Amino acid sequence: MIIFHLGGSRSLTSSPIVYQVVSRCLAAGYFINVGCAIGADAQVIQACLNSNPARLHVFAAFTADGSGRFPGSAIATVDAAAQLGAQVDYLAPADLAIPLAGRLIRRSLAAL
């Protein structure tokens, strides 16, 4: 099984390149790991949801009810991923007692 970890800037505006990369990865049978933020993460999630959500694994730094979110969290997009069959690991692998920066680092490490 080949897994790609995709992500990038929270300020990335809509980019057709993201959809092209995700589409080609999924068409080749690869799985996609991604974080939970707005920008690049959210675009990767949306591209997977439009194609094959079962091959998507989202690592979130907040809980399923949104506790621990921050202004850059893509709550609605992550929720949609969970509802459409993607695997979503909430608080991966941390807890709310850990400050946000630590949760984000741990989330990224878990996705690797």
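Here's what I pulled together on the structure shown here.

Rules of the game
Residues numbered from 1 in each chain as written. Predicted model: local features only at pLDDT ≥ 70, side-chain atom pairs only at ≥ 80, totals over all residues. Heavy atoms only, no water. Core = buried A, V, L, I, M, F, W, Y, C linked by side-chain atoms within 4.5 Å. Buried < 20%, exposed > 50% of the residue type's maximum accessible area, 1.4 Å probe, protein only. Helix = DSSP H or I, 4+ residues; strand = E, 2+ residues; numbered from the N terminus. Contact = heavy atoms within 4.5 Å. Polar contact = N/O pair within 3.5 Å; in protein donor to acceptor, adjacent residues only side chain to side chain. Axes fitted to C-alpha atoms, helices over the stretch in contact; angles between N-to-C directions. Parallel < 35°, antiparallel > 145°, perpendicular 65-115°, else oblique. Left-handed = near helix turned anticlockwise from the far one by under 90°. Nonpolar A, V, L, I, M, F, W, Y, C, P; charged D, E, K, R; others polar.

1. Notes on the nonpolar core
Alright, step 1. Core analysis: the largest hydrophobic core is formed by 25 residues, its most contacted members being V22, I32, I45, L56, V58 and A81.
Alright, step 2. Considering every element that reaches this core, the biggest residue donor is helix 2 (residues 40-49), with five residues.
Alright, step 3. Ignoring sequence-local partners within four residues, the contact set of I45 consists of V34, G35, L56, V58, T77, V78 and A81.

2. A closer look at the side chain of Q43
Alright, step 1. With respect to the helices, strands and loops of the structure, Q43 is situated in helix 2.
Alright, step 2. At 2.8 Å, the side chain of Q43 forms a polar contact with the backbone oxygen of T13.
Alright, step 3. Leave out the neighbours within four places in its chain, and Q43 touches L12, T13, S14, S15, V18 and Y19.

3. Considering the packing of helix 1 (residues 16-27) against helix 2
Packed helices, taken two at a time, are described by their axes: the angle between them and the distance between them.
Alright, step 1. Between helix 1 and helix 2, the shortest axis-to-axis distance is 9 Å and the interhelical angle comes to 50°. Considering the angle they form, helix 1 stands oblique to helix 2. Crossing geometry of helix 1 relative to helix 2 is assigned as right-handed. Within the contact between the two elements, helix 1 uses V18, Y19, V22 and L26 and helix 2 uses Q43, V44, Q46, A47 and C48.
Alright, step 2. Looking at the contact of helix 1 with helix 2 residue by residue, the classes come out as seven nonpolar, two polar and no charged.

4. Some words on helix 2
Alright, step 1. For helix 2, the tally of buried residues reaches nine of 10 residues, placing the bulk of the element in the interior.
Alright, step 2. Taken together, the buried positions of helix 2 are occupied by A40, D41, A42, Q43, V44, I45, A47, C48 and L49.
Alright, step 3. Residues of helix 2 that are buried sit in contact with helix 1, strand 2 (31-34), strand 3 (56-59), helix 3 (75-83) and helix 4 (100-111).

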